[in-house]
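# Summary of structural features
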Amino acid sequence: MGNPSPGCGKSGRPANGKVTVDNDHIYTFPESYDGSTPLPLLVGFHACGNPIDQFINLTRGSAFETEYVRAVGRSSDGGGCWNYNSDIAKVLRIYDDLMDNYCIDMDRVFATGHSSGAQMIVQILAHESDAEHLNFRAVAPVAASDYGALKVSVPVMYIQGKNDTVRGGDGASTVARFRAANMCQMDSTPYSEVMGCQSSGRAVNPGCISYSGCSEPTIWCSHDDPAYSNTSHGVPCFAIQAMHDFFANVP
């Protein structure tokens with residue numbers, strides 16, 4: 001049954017399964033949503049210059065569309081980049097609106113983001129009160145940055161191109177923050193659950209490893225998908241399926 005939010009039982013499925021507030025947020029509800037049975041929530045944070053519905057588009061046709069409530073917000077910055085100090089209040093407001101007015105499993109709230117959106121997730125986790133408020137059950141940031149020590153432990157699938165030319169590296173310092181927060185050992189084993197895929201006419205190696213001895217599952221996918229104008233900075237072709245499978249297997 002899950003942990004029902006206060007909004008369970010308030011109303012049925014919104015018209016056409018979608019709620020849109022221009023330049024603020026979009027929520028989508030699968031056909032199985034009845035307003036009484038709590039469903040998991042996917043929160044998606046767009047990259048700089050990408051549309052608000054980047055992760056609605058990326059998850060179209062996936063199990064996220066049919067199994068999850070999806071929520072995406074719009075950053076306040078004119079260039080479409082997330083700014084923690086300017087945007088955290090909006091993120092908390094959207095979360096509270098979802099919990100108060102819709103039927104969400106409060107123990108199954110997941111987050112993903114790309115680039116600036118992934119940086120927003122990392123910054124949330126570096127602020128204890130905000131991290132505890134949002135209570136992400138697991139996260140899957142794509143191409144974030146290091147914003148210092150994380151204040152909470154959280155299951156993570158961290159994804160970044162091993163030759164990300166926008167970030168100028170493979171994200172090892174960001175992964176180290178998750179490894180520290182989750183009390184992992186330094187050693188790791190290949191994480192073979194993620195399947196390869198085709199991108200830009202080539203076979204992509206997800207390059208995923210799982211760290212040992214962690215308090216929470218800690219996966220690093222250092223991939224070679226050249227996408228995003230050949231920068232390896234994009235959301236790789238395997239990512240959405242891999243995120244779904246990872247989230248589904250978090251206890």
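Please refer to the structure placed before this passage.
The paragraphs below set out a description of the structure included in this document. (Residues numbered from 1 in each chain as written. Predicted model: local features only at pLDDT ≥ 70, side-chain atom pairs only at ≥ 80, totals over all residues. Heavy atoms only, no water.)

## Some thoughts on empty space enclosed by the protein
- Counted under the stated rule, the structure contains two cavities of 30 Å³ or more.
- Taken as a whole, the largest cavity spans an internal volume of roughly 120 Å³.
- Residue lining of the largest cavity: 15 residues in total, with V43, F45, V91, I94 and Y95 positioned closest to the centre.
- Considering each element in turn, the lining of the largest cavity owes the most residues, five residues, to helix α3 (residues 84–101).
- Within the lining of the largest cavity, the residues separate by chemical class into 12 nonpolar, two polar and one charged. (1 Å grid on protein atoms, 1.4 Å probe; cavity = no way out; pocket = protein on both sides within 12 Å on 5 of 7 lines; lining within 4 Å. Points joined across faces, edges and corners; volume = space filled by probe spheres on them. Helix = DSSP H or I, 4+ residues; strand = E, 2+ residues; numbered from the N terminus. Nonpolar A, V, L, I, M, F, W, Y, C, P; charged D, E, K, R; others polar.)

## A few points about the environment of S215
- Mapping S215 onto the fold places it in the loop between β11 (208–211) and β12 (218–223).
- Residue class for S215 comes out partly exposed when judged on its relative accessible area of 36%.
- On a C-alpha basis, the gap between S215 and S153 in space is 7.5 Å, while along the polypeptide they are 62 residues apart.
- Ignoring any residue separated from it by four or fewer positions in sequence, one finds S215 in contact with S153, A181, N182 and M183. (Buried < 20%, exposed > 50% of the residue type's maximum accessible area, 1.4 Å probe, protein only. Contact = heavy atoms within 4.5 Å.)

## Side note on the sheet that holds strand β2 (residues 25–28)
- The strand order across the open sheet built from 10 strands is β1-β2-β4-β3-β5-β6-β7-β12-β11-β8, with neighbouring strands paired in mixed fashion. In this open sheet, the two edge strands, each paired with only one partner strand, are β1 (18–21) and β8 (188–190). Ignoring which end each strand starts from, the neighbouring axes of this sheet average 15 degrees apart.
- As paired strands, strand β6 (residues 138–142) and strand β7 (residues 156–161) are joined by two bridges and run parallel to one another. Residue pairing across strands places V139 opposite V156, the latter belonging to β7.
- Each of β3 (39–45), β5 (104–114), β6, β7 and β12 is contacted by helix α7 (residues 239–248), which is oriented at about 165 degrees to β6, the strand it contacts most. (Pairing = 2+ DSSP bridges. Axes fitted to C-alpha atoms, helices over the stretch in contact; angles between N-to-C directions.)

## Details of the state of the cysteines
- All told, the structure shown has five disulfides when counted by the stated rule.
- Here C197 pairs with C237 through a disulfide, and the sulfurs are 1.9 Å apart. Taking the torsion about the S-S bond as the criterion, the C197 to C237 disulfide, at about 70 degrees, is right-handed. Taken as a pair, C197 in strand β9 (residues 197–199) and C237 in the loop between β12 and α7 lie far apart in primary sequence, 40 residues in all.
- A sulfur-sulfur distance of 2.1 Å marks the disulfide that ties C208 to C221. Because the torsion about its S-S bond is 105 degrees, the bridge between C208 and C221 counts as right-handed. Here the residue C208 occupies a position in strand β11, and C221 occupies one in strand β12, the gap between them amounting to 13 residues. Here C208 and C221 have matching classes, each one buried.
- When the cysteines engaged in disulfides are numbered in sequence order, the protein chain pairs them as 1-4, 2-3, 5-8, 6-10, 7-9. (Disulfide = S-S within 2.5 Å.)

## With respect to the side chain of N182
- The topology assignment puts N182 in the loop between α6 (172–181) and β8.
- Within the local environment of N182, its side chain forms a polar contact with the backbone oxygen of V154, the two atoms lying 2.9 Å apart.
- Setting aside residues no more than four positions away along its own chain, N182 makes contact with S153, V154, V156, C214, S215, E216, P217 and T218. (Polar contact = N/O pair within 3.5 Å; in protein donor to acceptor, adjacent residues only side chain to side chain.)

## Topic: the packing of aromatic side chains
- On inspection of all chains with the given rule, the structure shows 10 aromatic pairs.
- When the ring of F29 is compared with that of Y33, the centres are 4.8 Å apart and the planes differ by 55 degrees; the resulting orientation is tilted. You'll find F29 and Y33 in the same group, each marked buried.
- Considering the side-chain rings of F246 and F247, the 6.1 Å spacing of their centres and the 50 degrees angle between planes classify their relative orientation as tilted. Both residues of the pair, F246 and F247, belong to the buried class. (Phe/Tyr/Trp six-rings, centres within 6.5 Å; stacked < 30°, edge-to-face > 60°.)

Everything listed here is a matter of geometry and, on its own, says nothing about what the molecule does.
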